[in-house]
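# Inside the fold
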Amino acid sequence: MNTTDVRFSATRRLILQGAGAVALVGLGNLPFGLTPALAAANDKYPEEAFKQKSDADVIKTLYGKTAEPSDKVKMDAPEIAENGAVVPISVSTTLADVTSIAFLVSENPNVLIAKYNIPAGTLPNVANRIKMAKTSNVTVLVEAGGKLYSASKEVKVTVGGCGG
Amino acid sequence: MASTIRVRASSNGDITEVQALIQHPMDSGFVKNAKGETIPAHFIQQLTFEHDGKNVFTADWGGGISKDPYVKFAFKGAKKGDELKISWVDNKGATDTTTAKIQ
């Protein structure tokens, strides 16, 4: 009697899991249709910028203007990163009307790491974890009120996280 | 399959702090395997967060983001119990979506 019960509940669980999976797939399909359309309208993925090999080229491709160093851009990065595969870096700023924040690592094969689009109502604070091939300058770009500001810091890397 | 996205969104007054952790190899296309073959690029390109049908945060990523990426940000205008929709798409066209309740 007990075994039947167990078997029954196991089958029931399987069926429920199946239903869950179907529901997930259903949910997954809907946004798949919607999100790229939305993204394309608002902020297209900057494919070209991610291929650039120098800070200057990234800034030119991404923004088409020059960045001005600002002490209102605060970057929190380690002095020494023991593992270049995972370097925690965060940025915050007191600048108003921030529309985007980008992270650049000068010595990486592709300099641009990430660009974050900040709509009105979202705070200009972002934390993420990046890969660094070797010791390099890390630059943060903050686009605010149509202008571009930056902050840089050298992060020493003991073991590189890009070349393997 | 379980979702690749883990999210914690916590409301603190007017500000909602969001932390997301995603399971993804984030291969840059520059790393070689043990046989000396290049591991092809495979990374998330875009990650979006929506609240109430409105985009609150978009991440454009390259292969320089660490494996199993983590991101943290905060936004205004949401309250406890609201839903946050998170989706990503990678360079091979794979995608995943989840929703999280703001706590």
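In short, a report on the structure. (Residues numbered from 1 in each chain as written. Chains lettered and ligands numbered in written order. Predicted model: local features only at pLDDT ≥ 70, side-chain atom pairs only at ≥ 80, totals over all residues.)

## Describing the overall build of chain A
What chain A contains, in helices and strands, is two helices and nine strands. Its helices and strands taken in sequence order, chain A reads α-α-β-β-β-β-β-β-β-β-β from the N to the C terminus. Taking all 164 residues of chain A together, the buried fraction comes to 34%. Put simply, of all contacts in chain A between residues at least 6 apart along the chain, 67% involve residues at least 24 apart. (Helix = DSSP H or I, 4+ residues; strand = E, 2+ residues; numbered from the N terminus. Buried ≥ 20, exposed ≤ 12 C-beta atoms within 10 Å, placed from the backbone. Contact = placed C-beta atoms within 7 Å.)

## A few points about the interface of chain A and chain B
Think of interface size as the accessible area that goes away when the parts come together; that is how it is often given. In this complex, chain A contributes 39 residues to the contact, which on the side of chain B involves 34 residues. Of all the secondary-structure elements, those providing two or more residues to the side of chain A that touches chain B are helix H1 (2–42), strand E6 (112–117) and strand E7 (125–130) of chain A. Of the residues forming the side of chain A that touches chain B, the biggest block, nine residues, is contributed by H1(A). Taken together, the residues that form the side of chain A that touches chain B break down as 23 nonpolar, 12 polar and four charged. Relative to strand E5 (residues 70–76) of chain B, E7(A) runs antiparallel, the two sharing two bridges. Within E5(B), the residue paired with Ala127(A) across the bridge is Lys72(B). (Nonpolar A, V, L, I, M, F, W, Y, C, P; charged D, E, K, R; others polar. Pairing = 2+ DSSP bridges.)

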